[in-house]
Every structure is written in C-alpha cells, then in structure tokens.
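# Tertiary structure, described
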Amino acid sequence: MRKLDPHTLLSALWLFILLNIIFRDIHQFVLKSHLEMLLTGYYNGILITDELMLMGGFFALVPISMVLFSLVLERRWLRPVSAFGVIFTAGPALMAPPIDMDDVLHFGVAFCALASISWIAWRWREDQSEPAHP
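Here goes a summary of the coordinates provided. All values reported here derive from a predicted model rather than from experimental measurement.

## Considering the overall build of the chain
Looking only at helices and strands, the chain features five helices and two strands. In the chain, the succession of helices and strands from N to C terminus is α-α-β-β-α-α-α. Counting only C-alpha atoms and orienting by the principal axes, one finds that the chain spans roughly 55 × 30 × 25 Å. Of all 134 residues assigned to the chain, the portion counted as buried reaches 26%.

## A short note on the pattern of salt bridges
Pairing between side chains of opposite charge can happen when the charged atoms of each approach one another. Evaluation of the coordinates by the stated rule reveals four salt bridges. Notably, a salt bridge pairs Asp25 with Arg24, separated by 2.9 Å at the nearest N-O pair. Residue Asp25 is classed as partly exposed on the basis of its relative accessible area, which comes to 30%. With a relative accessible area of 16%, Arg24 lands in the buried category. Residues Asp103 and Arg24 are paired through a salt bridge, measuring 3.3 Å at the closest nitrogen-oxygen approach.

## A short note on the packing of aromatic side chains
Evaluation of the coordinates by the stated rule reveals three aromatic pairs. Ring plane angle 35° and centroid distance 5.1 Å describe the contact between Phe59 and Phe88, whose orientation is recorded as tilted. Here Phe59, found in helix α3 (residues 50–72), pairs with Phe88, found in helix α4 (residues 75–95); they are 29 residues apart in sequence, far enough to count as distant. When its relative accessible area of 27% is taken as the criterion, Phe59 is described as partly exposed. Among the aromatic side chains, those forming a connected cluster through ring pairs are Phe58, Phe59, Phe84 and Phe88.

## Focus: the side chain of Asn20
Looking at the element boundaries, Asn20 is found in helix α1 (residues 6–28). Dropping the residues within four chain positions of it, Asn20 is found in contact with His106, Val109 and Ala110.

## Examining the environment of Phe16
Considering the arrangement of structural elements, one finds Phe16 in helix α1. Sequence separation between Phe16 and Leu114 is 98 residues; the distance between their C-alpha atoms is 10.0 Å. The contact partners of Phe16, leaving out residues within four places of it in the chain, are Val109 and Ala113.

## Regarding a nonpolar patch on the surface
On the surface, Leu15, Leu19, Ile22, Ile26, Phe29, Leu35 and Leu38 cluster together into a nonpolar patch covering about 620 Å² of accessible area. Elements that contribute at least two residues to the nonpolar patch include exactly α1 and α2 (32–40). Within the secondary structure, Leu35 sits in helix α2.

Cut-off values and rules
Residues numbered from 1 in each chain as written. Predicted model: local features only at pLDDT ≥ 70, side-chain atom pairs only at ≥ 80, totals over all residues. Heavy atoms only, no water. Helix = DSSP H or I, 4+ residues; strand = E, 2+ residues; numbered from the N terminus. Buried < 20%, exposed > 50% of the residue type's maximum accessible area, 1.4 Å probe, protein only. Salt bridge = Lys/Arg side-chain N within 4 Å of Asp/Glu carboxyl O. Phe/Tyr/Trp six-rings, centres within 6.5 Å; stacked < 30°, edge-to-face > 60°. Contact = heavy atoms within 4.5 Å. Patch = residues over 30% accessible without salt bridge, like charges linked within 9 Å, V, L, I, M, F, W, Y side chains within 5 Å. Areas by Shrake-Rupley, 256 points an atom, 1.4 Å probe, with all protein chains shown as cover.

All quantities given are derived from atomic positions and should not be read as evidence of function.
Encoded structure:
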C-alpha cells in the first residue's frame, strides 16, 4: 500500500467519516416511519427545536472542520485537535447507540475510522513528513 503523508491520510479519514454519516442519514429518509416521525416535529420522542437543530449543526461542524484542520495545522497542534475531534464526534453517538442493523454498520465503520485517526495522530513521529516550507 502507498504511504501517505499523515495530513492527507487524516483529512481523508475525516472525509470518509463525513460521507459515512451523510449516507446513513440519506439512507434513513427512504423509510416511511422515519419520514412520518420527522413530519410530527418529534424524533424518537424528542421535540425538534431550533436550539436542538443548532446543536446538531455544531456537532456536524466538528468533523467538517477536521477535514480542513488535518491539512493546514502543524503536527503539534493537530494531535490535540484530532483528539478533541474524535471525542466530540464519538461522544454523541455513544450516548444514543444505534439499534437497527444498517445504523450499527455505519457507526461501526465510523468508529473504526475514528480509532484509526486516534492511532495515526498518537503515533505520528516528529520526523514524519511535514509540509515543505518555500
């Protein structure tokens, strides 16, 4: 397998997680029960408010930001930022674990990618490729 620069690899893993989350959400919209639930204004018994939508947007913004941060931050900053991103992305999913099989699949794959991000960031040596300075 080709060896990638850690910045590129981390960014690709965050993008992989985002695409996995997006596909899972789109996949849910084909279910009649899911659409009916959304039309009532409640999701799994929870009233959907503007504040809840704002919080959901913030949760989505973390992995989106990590795609960019993985490319532009230096190693010394990216390691702690990646740890924060992994914890912040995994935390809400762990508080409400999925029940149906397709969600378990998507969350399992995302957690494998999050574990990979943690492993790469933790094991990233100082002498591994850093971006060239002109």
